[in-house]
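Secondary and tertiary structure notes
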2 protein chains.
Amino acid sequence: MLAEIITIGDELLLGQTIDTNSAWMGAQLSAHGVRVHRITSISDEAKAIQAALDEALSRVDFVLMTGGLGPTRDDITKETLAAYFDTQLVMDEAILHRITEWFAGRGFEMLEVNRHQAMMPQACKVLVNPRGTAMGMWFEQDAGQKVVVSMPGIPYEMKGLMLEEVLPRVDQHWKLPTRYHRTLLTQGVGESFLSQLVWDWEEQLESHGVSIAYLPAPGQVRVRLSAVDFDPVVAKERVEAEVTAFLVLAGNHVVSDQDEGLGAAVVRLLTKKKLTMATAESCTGGAIAASITSVPGSSAIFKGSVVAYDNQIKQSMLGVSDEALQEHGAVSESVVRQMAAGARERLGVDYAVATSGVAGPGGGSIEKPVGIVWIALSGPRGVESKCLNFGNSRTRNIERSVREALAWIIRAAK
Amino acid sequence: MLAEIITIGDELLLGQTIDTNSAWMGAQLSAHGVRVHRITSISDEAKAIQAALDEALSRVDFVLMTGGLGPTRDDITKETLAAYFDTQLVMDEAILHRITEWFAGRGFEMLEVNRHQAMMPQACKVLVNPRGTAMGMWFEQDAGQKVVVSMPGIPYEMKGLMLEEVLPRVDQHWKLPTRYHRTLLTQGVGESFLSQLVWDWEEQLESHGVSIAYLPAPGQVRVRLSAVDFDPVVAKERVEAEVTAFLVLAGNHVVSDQDEGLGAAVVRLLTKKKLTMATAESCTGGAIAASITSVPGSSAIFKGSVVAYDNQIKQSMLGVSDEALQEHGAVSESVVRQMAAGARERLGVDYAVATSGVAGPGGGSIEKPVGIVWIALSGPRGVESKCLNFGNSRTRNIERSVREALAWIIRAAK
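Rules of the game
- Residues numbered from 1 in each chain as written.
- Chains lettered and ligands numbered in written order.
- Predicted model: local features only at pLDDT ≥ 70, side-chain atom pairs only at ≥ 80, totals over all residues.
- Helix = DSSP H or I, 4+ residues; strand = E, 2+ residues; numbered from the N terminus.
- Buried ≥ 20, exposed ≤ 12 C-beta atoms within 10 Å, placed from the backbone.
- Contact = placed C-beta atoms within 7 Å.
- Domains from an automatic or database assignment.
- pLDDT = per-residue confidence, 0-100.
- Least-squares fit on C-alpha atoms with pLDDT ≥ 70 in both.
- Pairing = 2+ DSSP bridges.
- Axes fitted to C-alpha atoms, helices over the stretch in contact; angles between N-to-C directions.
- Arc of directions from axis to C-beta.
- Nonpolar A, V, L, I, M, F, W, Y, C, P; charged D, E, K, R; others polar.
- Expected span 1.5 Å × (residues − 1).
- Parallel < 35°, antiparallel > 145°, perpendicular 65-115°, else oblique.
- Left-handed = near helix turned anticlockwise from the far one by under 90°.

What to know about the overall build of chain A
- Tallying secondary structure elements over chain A gives 16 helices and 17 strands in all.
- Seen along its three principal axes, the alpha-carbon backbone of chain A occupies a region of about 80 × 60 × 40 Å.
- Burial analysis of chain A (414 residues in total) assigns 52% to the buried set.
- A fraction of 66% describes how many contacts in chain A between residues 6 or more apart in sequence connect residues 24 or more apart.

Laid out in structure tokens, this is it:
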């Protein structure tokens, strides 16, 4: 079963908004046995919407659209779909009531443009959106052979509609084979190194009905194994057997055997081991703490962090010595080790990780060029430290330092 | 001048990678007078690539592709393009030399699959990628009327190639009208409220040759005004006149008059005013600090942060009183005010912002439901506090709390 996604909005084409909706929808659909065949982003123009819809429906039976349902003038998706399906907009009193309540509940004034959001195409099934004022729409063509769904582009509203309205209807409407995935997270080795390591095994995968993909990001590679079958047990068994084989070949590079970020992997591992952690961050500026605390349940393992951008704070809150700062400077092995040890003691945790570096683009020198990052880990076995260099990009330096720090905690606590 | 972007990779369709490349490319192209007409994401299949390329070239003269150039088996873009342009792959000795050096410089072993990355299509102009082992390609058709560019999908490598190789060639190859944009960042009001506020003015915009777009995100709306003209001065003047008019109507909702994030706006404002700041974070877990420190130059205004997830740390590092914690609990007005005041004093800054809330999805109670967030700001005029509630989603609670905190600093320091 194939589907296509069409995302609508000039802001996507102009690069002012990153389309995060498609990836989320792709993952959800895939888990329901629907494979996304193509994602198309187009502008808020009736002609563009009609053309994209024509083309998508010529290739697949199911099209999901997001965007262009807001109350402002540039939002024309609803009118365009009504014309496309040759139906008219009529006032939906139940929806009008909902929208009125929505504004009343928030103490906002309801405007004429919001009233218009209750005008719905007569031929569609309205998908109620309790999170906003733009409703979703489910259109059918050719006695249900083709389905077109339209949802608002705000991710939070789209996700609610997908989970509560669209996906349950998809399960009912089509009876589909299951796609089973497993994704393993490796850290610290490149894609080609990994591929070489498992070369012979990989060559036999296809004949076992399993496909593989390498998903590289700076400093990490996710490895995805998948199989499709009408029997979910068969698909699962096929993939799990290959996961076991992969772990034998490359297991020491794997930091998580689930499809999760490094932050979630840390939280899961430390929770299981009943361990706690803290961070003392200079160049990462709170990004390690933020990546841990973005994970639900992280309060069980995370006690806190001192972001010590200023040297005085390194001294007053982490106990870094004046001598170390004077003699070696803030970006040095002795300072980062003192930061980690100080954080472990003062925050009372099992593991404390510390960073100090020159994130860039400014602030480098000949001895300490932009990109140099010292990391230290203080744990039950003492303090360890290492020096990394990821080059000139600030974002990349922070991102890779965060990943190194998180992977280090996982390897130490495993 | 219209272009299309094609991003290649099963991981995009399966939702395991968010396509951030297209937005970045769209913004860059737009600044060079190239309007992106469509973005298409497809799988790593030769047929899909050929079909998407055929369609794109039937609509526009310039196609940019990313992805599928890695060393692993699922990477087939280069072979597919060679076949599409009816040319063969030949060993490019200069590129082979570069790749060999690249591996030698990093102390990694060079593999046969990496050698193959130096096999380039004979008919293309090779775009040298100094950041990795997959080179870019520039193909021309119909005596240069049509151009197809292929780049690796890793954002850092793609960006380098765009800035150093592709965009300079675009400027040379086509002589284009300029598109001038201004984007204003508003915070705390909805899209429909804003649109209503400027309704009459907006109605005249088109006749002045200026277009408007509202780009909403939770808690903020960016407003983009743009004009296209062969004379860059004319395009700029047209837009700037309307920016002035918008600021008269809605200026008190605007937190930045540039196309930047709230973190960058804070850094710019405080730097200009020679002010410093710190954060004391519970429910935001370091995310406010991270959003400030991700901005280059933030060390001039940001001294540090205490992420106090644990109550003991609220006491020991921020001086929150035992009484306040016992009597009101960690998520309370008195605790968050003490956190802000403690951070301002102990970190020695002009402004300290503090958060304490129930981010969710767990941890709520009847008195303190999931989503409740107390924020306090301690500054030269004393301590202020407010209570917010953004609902059930952890990500959204953190994101919106961060935005509220940053906007509050801007409004206080302006």
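Some points on the environment of A:Glu323
Residue and element names in this part refer to chain A.
- Structurally, Glu 323 is set in helix α14 (residues 322–328).
- Of the residues examined, Glu 323 has 9 C-beta atoms within 10 Å and is grouped as exposed.
- Sequence separation between Glu 323 and Leu 89 is 234 residues; the distance between their C-alpha atoms is 75 Å.

Let's talk about the domain arrangement of chain A
- With domains assigned, chain A is organised as domain 1 (2–173), domain 2 (178–256) and domain 3 (262–413).
- The C-alpha-based centres of domain 1 of chain A and domain 3 of chain A are spaced at 44 Å.

Digging into the confidence of the model for chain A
- In this model, chain A carries an average pLDDT of 93, and 100% of its residues clear a pLDDT of 70 or more.
- Two summary scores accompany this predicted model of the complex, namely pTM at 0.79 and ipTM at 0.77.

Some words on the environment of B:Ile288
All names here are of chain B.
- Residue position: Ile 288 is located in helix α12 (residues 287–293).
- Taking the C-alpha atoms as reference points, Ile 288 and Val 307, separated by 19 residues in sequence, lie 10.0 Å from one another.
- Those residues in contact with Ile 288 that lie beyond four places of it in its chain are Thr 279, Glu 281, Val 353, Val 402, Ala 405 and Leu 406.

A word on the relation of the copies chain A and chain B
- Superposing chain A onto chain B takes a rotation of 180° combined with a translation of 0.0 Å along the rotation axis, leaving an RMSD of 0.0 Å. Taken together, the rotation and translation relating the two chain copies correspond to the operation of a two-fold axis.
- Here 100% of the contact residues of chain A are again contact residues in chain B; the copies associate through an equivalent surface.

Here's the deal with the sheet that holds strand β1 (residues 2–8) of chain A
- Here 12 strands make up an open sheet; going across it, the order is β6(A)-β7(A)-β8(A)-β3(A)-β1(A)-β2(A)-β2(B)-β1(B)-β3(B)-β8(B)-β7(B)-β6(B) and the pairing mixed. Two strands lie at the open edges of the sheet, namely β6 (125–127) of chain A together with β6 (125–127) of chain B, each paired on one side alone. When the angles between neighbouring strand axes are averaged without regard to direction, this sheet yields 15°.
- With 5 bridges joining them, strand β3 (residues 62–66) of chain B and strand β8 (residues 146–151) of chain B adopt parallel strand pairing.

A closer look at the pairing of strand β16 (residues 372–379) of chain B
Residue and element names in this part refer to chain B.
- Counting buried positions along β16 gives 8 out of 8 residues, so the element sits mostly inside the fold.
- In β16, alternate side chains face the same way, and those of Ile 372, Trp 374, Ala 376 and Ser 378 on one face and Val 373, Ile 375, Leu 377 and Gly 379 on the other are all buried.
- Sheet topology places β16 next to strand β17 (residues 382–389); 8 bridges connect them, and they run antiparallel. Bridge pairing links Ser 378 to Val 383 in β17.
- Hairpin connection between β16 and β17: a loop of 2 residues separates the two successive antiparallel strands.

With respect to the sheet that holds β16(B)
- Pairing is mixed in the open sheet, where 10 strands are placed in the order β17(A)-β16(A)-β15(A)-β13(A)-β14(A)-β14(B)-β13(B)-β15(B)-β16(B)-β17(B). Two strands close off the open sheet at either side, each with one partner strand: β17 (382–389) of chain A together with β17 of chain B. Averaged over all pairs of adjacent strands, the angle between strand axes in this sheet comes to 15°, irrespective of strand direction.
- As paired elements, strand β13 (residues 277–281) of chain A and strand β15 (residues 351–357) of chain A share 5 bridges and run parallel to each other. Residue pairing for β15(A): A:Glu281 is matched across the bridge by A:Thr355.

So, helix α13 (residues 311–318) of chain A
- Those residues of α13(A) that sit buried are A:Ile313, A:Lys314, A:Met317 and A:Leu318. When α13(A) is viewed along its axis, its buried side chains cluster within an angular range of 105° and face the same direction.
- Buried residues in α13(A) make contact with β13, β14 (302–308) and α15 (333–347) of chain A together with β14 (302–308), α13 (311–318) and α15 (333–347) of chain B.
- Just downstream of α13(A) lies A:Gly319, where phi reads positive at about 75°.

Considering the interface of chain A and chain B
- With 74 residues of chain A at the interface, the matching set in chain B holds 74 residues.
- In terms of residue class, the side of chain A that touches chain B is built from 35 nonpolar, 27 polar and 12 charged.
- Pairing of β14(A) with β14(B) involves 5 bridges; the strand directions are antiparallel. Opposite A:Gly304, over in β14(B), you have B:Ala308 as the bridge partner.

Here we look at unusual backbone geometry
- Following A:Gly360, the chain continues to A:Pro361 via a peptide bond in cis, the omega torsion being -5°.
- The topology assignment puts A:Pro361 in the loop between β15 and β16 (372–379).
- Positive phi outside glycine occurs at B:Asp86, with the angle close to 55°.
- Inspection of the secondary structure assignment puts B:Asp86 in the loop between α4 (77–84) and β4 (89–91).
- Accessibility expressed as a C-beta count within 10 Å gives 8 for B:Asp86, which makes it exposed.
- The phi dihedral of B:Lys274 is positive, around 55°, even though this residue is not glycine.
- Its location among the elements puts B:Lys274 in the loop between α11 (262–273) and β13 (277–281).

With respect to α15(B)
Residue and element names in this part refer to chain B.
- A rise of 1.5 Å per residue sets the reference length of α15, with its 15 residues, at 21 Å; its end C-alpha atoms lie 21 Å apart and thus fit the reference within 8%.
- Counting buried residues along α15, 11 of its 15 residues qualify, which places the element largely inside the surrounding structure.
- Residues Val 335, Val 336, Arg 337, Gln 338, Met 339, Ala 340, Ala 341, Gly 342, Ala 343, Arg 344 and Leu 347 constitute the buried set of α15.
- Looking at the residues trailing α15, positive phi occurs at Gly 348, about 65°.

Considerations on the environment of B:Ala94
- As for its position among the elements, B:Ala94 is in helix α5 (residues 93–106).
- In this structure, the C-alpha to C-alpha distance between B:Ala94 and B:Ala118, residues 24 residues apart in sequence, is 8.4 Å.

Comments concerning the packing of helix α2 (residues 21–31) of chain A against helix α7 (residues 155–173) of chain A
Residue and element names in this part refer to chain A.
- The interhelical angle for the contact between α2 and α7, taken along N-to-C directions, is 20°, at an axis separation of 11 Å. Of the possible angle classes, the one that applies to α2 and α7 is roughly parallel. The two elements α2 and α7 cross, and the hand of that crossing is right-handed. Only Pro 155, Met 158, Lys 159, Met 162 and Leu 167 of α7 make contact with α2, whose side of the interface consists of Asn 21, Trp 24, Met 25 and Gln 28.
- Taken together, the residues of the contact of α2 with α7 sort by class into 6 nonpolar, 2 polar and 1 charged.

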